[in-house]
Amino acid sequence: MVYATIDNNNIVNGIKEVGSAIGSASHIKIPNYDLNLLGKIYSNGVFADVTLTFAEQKQEKINQLHTKYQKMYDDYLAQYPRREVESFATKQAEATAYTIDNTTATPIIDAIVGNNATLKSAYITAVMAKVTALAQQEGKMVAIRDSIKACTTQAELDAIVI
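Since we're looking at a predicted model, the values are computed, not measured. (Residues numbered from 1 in each chain as written. Predicted model: local features only at pLDDT ≥ 70, side-chain atom pairs only at ≥ 80, totals over all residues. Heavy atoms only, no water.)

Draft legend 1. Summary view of the pattern of salt bridges. In total, this model carries 5 salt bridges according to the counting rule given. When the shortest N-O distance is used, the salt bridge between D49 and K40 registers 2.4 Å. Taking the relative accessible area as the measure of exposure, D49 reaches 65% and is therefore exposed. Taken together, the shared-partner salt bridges connect E17, K71 and D75 into one network. (Salt bridge = Lys/Arg side-chain N within 4 Å of Asp/Glu carboxyl O. Buried < 20%, exposed > 50% of the residue type's maximum accessible area, 1.4 Å probe, protein only.)

Draft legend 2. View of the sheet that holds strand β2 (residues 12–17). Spatially, β2-β1-β3 is the arrangement adopted by the 3 strands of the open sheet, whose pairing is antiparallel. One side of each edge strand has no neighbouring strand; the edge strands of this open sheet are β2 and β3 (27–30). With direction set aside, neighbouring strand axes in the sheet form an average angle of 30°. Judged from the 5 bridges that link them, strand β1 (residues 2–6) and β2 form a sheet pairing that is antiparallel. Each bridged residue has a counterpart across the sheet, and for I6 the counterpart in β2 is V12. (Pairing = 2+ DSSP bridges. Helix = DSSP H or I, 4+ residues; strand = E, 2+ residues; numbered from the N terminus. Axes fitted to C-alpha atoms, helices over the stretch in contact; angles between N-to-C directions.)

Shown next as structure tokens:
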């Protein structure tokens, strides 16, 4: 199920995909994941364009950006069981510490690879590759967000594609 989330002024400020129905006045069920609804006003069952100030337009574009990147991250996490996702931070911390100093204890990773040094090296390399890829993705999002914040004209804002 896909919902548009609306703020106190009935402006769409997010789109979310969920597994079960949401019974909340701030969540409007929609037929598909449509980022074009962001920034529209919801009134009497209809989504309509709203005339926003330049500052509001910038914030709406940032909201679109955050929604897009959050969906990408949620899609990434969806390929793993919840329990494994819960252990990501621990594995990242162990892999990072081990990469800096290979005498650092890594009890969780050791348990996963059965204390096999070859498997441990490959596993740590894979963890660090994922961490790096996610950090690069976040870096791109932050750069776009900073570009939006720096806009001083409508043309500059319009040129940024989310």
